[in-house]
Amino acid sequence: MAAPEVNPASPPSEAARAILVGVDFSSRAAKQGFDETLDELALLAESAGDSPVARVVARRQAPDAALFVGSGKVDEIKLLVQAHGAHTVLFDQAISPAQQRNLERALGVPVADRTALILEIFARRAQSHEGKLQVELARLQYLATRLVRRWSHLERQSGGIGMRGGPGEAQIELDRRMIEDRIKQVKERLKRVQKQRNTQRRARGRSGVFRVSLVGYTNAGKSTLFNALTKARSYAADQLFATLDTTTRSMYLGEAGASVSLSDTVGFIRDLPHKLVEAFQATLQEAADADLLLHVVDAASPQLDEQMVEVQRVLHDIGAGDLPQLLVYNKLDSLDPDQRPRELVDQLLRGDGAAEPTPRVFVSALTGEGLAELRALIAEAMQGAQAAADAPDHEAQLSIHE
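In this report, we go over the structure that sits alongside the text. Residue indices begin from 1 for each chain and proceed along its sequence in written order. With pLDDT at 70 or above as the cut-off, local features in this predicted model cover only qualifying residues; side-chain atom pairs require 80 or more to be listed or tallied, and sums for whole chains, interfaces and linings still use all residues. Water and hydrogen atoms play no part in the side-chain values, which are based on all heavy atoms of the structure.

## Considerations on the sheet that holds strand β8 (residues 292-298)
We call two strands paired when DSSP finds no fewer than two bridges between them. For the purposes of this entry, the term helix denotes a DSSP run of H or I that reaches at least four residues, the term strand denotes a run of E that reaches at least two, and both are numbered from the N terminus. Read from one edge of the open sheet, 7 strands run β6-β7-β5-β8-β9-β11-β10, paired in mixed fashion. Single-partner strands in this sheet number two, and they are β6 (247-253) and β10 (345-348). Taking the axes of each pair of neighbouring strands and ignoring which way they run, one obtains an average angle of 30° across the sheet. Alignment of strand β9 (residues 325-330) against strand β11 (residues 358-362), held across 3 bridges, turns out to be parallel. Pairing of Tyr329 across the sheet is with Phe362, part of β11. Axis lines are fitted to C-alpha atoms, over the contacting stretch for helices. Their N-to-C directions set the angle, which ranges from 0 to 180 degrees.

## Comments concerning the pairing of strand β1 (residues 16-25)
Burial status follows relative accessibility: with a 1.4 Å probe on protein chains alone, a residue under 20% of its type maximum counts as buried, one over 50% as exposed, and anything between as partly exposed. A large share of β1 lies buried, amounting to 9 of its 10 residues. Looking at chain direction, β1 and strand β2 (residues 50-60) are connected through 10 bridges and run parallel. Across the sheet, the residue bridging to Leu20 is Arg55, located in β2. Here β1 pairs with strand β3 (residues 88-91) via 4 bridges, running parallel.

## A look at the packing of aromatic side chains
Stacked, tilted and edge-to-face are the three classes applied to pairs of Phe, Tyr and Trp rings, where Trp contributes its six-membered ring and a pair requires centres within 6.5 Å; stacked means planes under 30 degrees apart, edge-to-face means over 60, and tilted covers the rest. Summed over the entire model, instances satisfying the criterion amount to 3 aromatic pairs. Where Phe25 meets Phe68, the ring centres are 5.7 Å apart and the plane angle is 85°; that geometry is what we call edge-to-face. In this pair, Phe25 sits in strand β1 while Phe68 sits in the loop between β2 and α2 (71-84), placing the two residues 43 residues apart along the sequence. A relative accessible area of 3% places Phe68 in the buried class.

## Describing helix α1 (residues 39-47)
For an α-helix, the turn length of 3.6 residues means that residues three or four places apart are oriented alike. The complete set of buried residues in α1 reads Glu40, Leu41, Ala42, Leu44, Ala45 and Ser47. On its buried side, α1 packs onto β1, β2, β3 and α4 (114-125). Backbone geometry just downstream of α1 places Gly49 in the positive-phi region, at approximately 95°. In what follows, a contact means two residues having at least one pair of non-hydrogen atoms within 4.5 Å.

## Some words on the environment of Ser26
Checked against the element boundaries, Ser26 lands in the loop between β1 and α1. Taking the C-alpha atoms as reference points, Ser26 and Gln61, separated by 35 residues in sequence, lie 6.1 Å from one another. Excluding residues that lie within four positions of it along the chain, Ser26 makes contacts with Arg60 and Gln61.

## Looking at the nonpolar core
We call a set of buried residues a nonpolar core when its members are Ala, Val, Leu, Ile, Met, Phe, Trp, Tyr or Cys and they connect through side-chain atoms within 4.5 Å of each other. Of all hydrophobic cores here, the largest spans 39 residues; its most connected members are Leu20, Leu293 and Leu315. At the level of elements, β1, α1, α4, α5 (129-143), α9 (274-279), α10 (281-288) and α11 (304-317) are the ones that each hand at least two residues to this core. Top contributing element to this core by residue count: α4, with 6 residues. Setting aside anything within four residues of it in sequence, one finds Leu293 in contact with Ser213, Val215, Ala287, Leu315, Ala320, Leu323, Pro324, Gln325 and Leu326. Within the second largest apolar cluster, 26 residues are counted, among which are Leu225, Leu262, Leu326 and Ile378.

## Re the environment of Val297
Its location among the elements puts Val297 in strand β8. Overall, Val297 belongs to the buried group, its relative accessible area being 3%. Residues Val297 and Gly221, spaced 76 residues apart in sequence, show a C-alpha to C-alpha distance of 8.0 Å. If we ignore the near neighbours within four places in the chain, the residues touching Val297 are Ala220, Leu304, Met308, Val328, Tyr329 and Asn330.

## Some remarks on the sheet that holds β2
Strand order in the open sheet formed by 4 strands is β2-β1-β3-β4, with parallel pairing between adjacent strands. The outermost strands of the open sheet, each flanked by one partner alone, are β2 and β4 (111-112).

## Let's talk about the side chain of Ser47
The topology assignment puts Ser47 in helix α1. Here Ser47 falls in the buried class, since its relative accessible area comes to 12%. Think of a polar contact as two N or O atoms within 3.5 Å of one another; within protein, one of them needs to be a possible hydrogen donor and the other a possible acceptor, and neighboring residues in sequence only count if both atoms come from side chains. For Ser47, the side chain forms a polar contact with the main-chain oxygen of Leu43, separated by 2.8 Å.

## Side note on the pattern of salt bridges
In what follows, salt bridge is the name for a side-chain nitrogen of Lys or Arg lying within 4 Å of a carboxyl oxygen of Asp or Glu. Counted by the stated rule, this structure contains 18 salt bridges. In this structure, the salt-bridge partner of Arg313 is Asp317, at a minimum N-O distance of 2.8 Å. With a gap of 4 residues between them, Arg313 and Asp317 both fall in helix α11, about one helical turn apart. One connected set of salt bridges, linked through shared partners, spans Glu40, Asp92, Arg114 and Arg270.

## Considering the packing of helix α8 (residues 222-230) against helix α12 (residues 371-389)
Helix packing for two helices is described by the angle between their axes and how far apart those axes are. Contact geometry of α8 with α12 gives a least axis separation of 11 Å together with a crossing angle of 80°. One element, α8, and the other, α12, form an angle in the roughly perpendicular class. Contacts from Leu225, Ala228 and Leu229 in α8 reach Leu371, Leu374 and Arg375 in α12. Under this grouping Gly is polar, as are all residues other than the nonpolar Ala, Val, Leu, Ile, Met, Phe, Trp, Tyr, Cys and Pro and the charged Asp, Glu, Lys and Arg. For the contact of α8 with α12, the per-class residue count stands at 5 nonpolar, no polar and 1 charged. Orientation is classified from the angle alone, with under 35 degrees giving roughly parallel, over 145 giving roughly antiparallel, 65 to 115 giving roughly perpendicular, and any other angle giving oblique.

Here it is, written out as structure tokens:
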């Protein structure tokens, strides 16, 4: 995210200095998901090109209708903005258009919330034609309620809304009707692209190839694991949302004497904007159509349990909650010796309503440890599915034995 135009003296290449703000609404039973350290928001900001310089945590019973955090906390944030020469203020929760406008007037710098930040990252990372259309649709739907300028780089971006130089420059004068017209155009283009994808997906389904999809929280190491299993060279990096576009490769399993189709999908995250999930429905459909999900978990993450719950929630949202899963605890190489498991393969009760324990395997996509065990479990799952399909008199249920 390029620096906004509040500091003309700043060089264009300088990262925007950002103040991070999170609000703990302790009156809510759903205190879950609140990150008091704001570490994830900091990672999001860095992924968008910002440089976090200060963090503020507020505690309230309910959001302030006008300023979200209240006038006293706004004064505190303004002092931090001035002290650090900050270019922007980023909120970890969603704020309303009115709250955003009021905060910008009070603080004198652009303000954005978590949703806008995620949309910005997605816009930077989308590579395929379909991915770019999906991101544009989600951003347009977000802009439709705001019509305020946030990032100066959007002024230089061609395409966008399809007007003069993109959404940044145009969104001030565009009215909601014009945005809605563009939304309709993008949806029509997406329908055509998704029709092609569905045709390809049906062709793979008719081929009888066992379909495996990697799912998991962003930065769990899915793309690195995908590369290790398929010997592919897909882009992988230690950052949030390193890849957005689904990649599918064939993976030969010597243990089963056959190949499976392995797909790497977009990572999930807490409070992933609903419109973004909606826009990426076609991409996420790869997971919903899979015969087996490899739920990749960052074994070294202190928020491991919360991240797993969030992934399960999104899987249920896209109709993939009941699909057979293998839990793949990745980044084994990052664990301290006393944290390492006694065995690489065991079973775990997920805690999301699943009646039976889910097979779990510990791996390191970097060193290769545990990959042989993972391949053996995938082969066993495929053979179990084939056996169930060959027994029409019995309930077709995939079972994976420890």
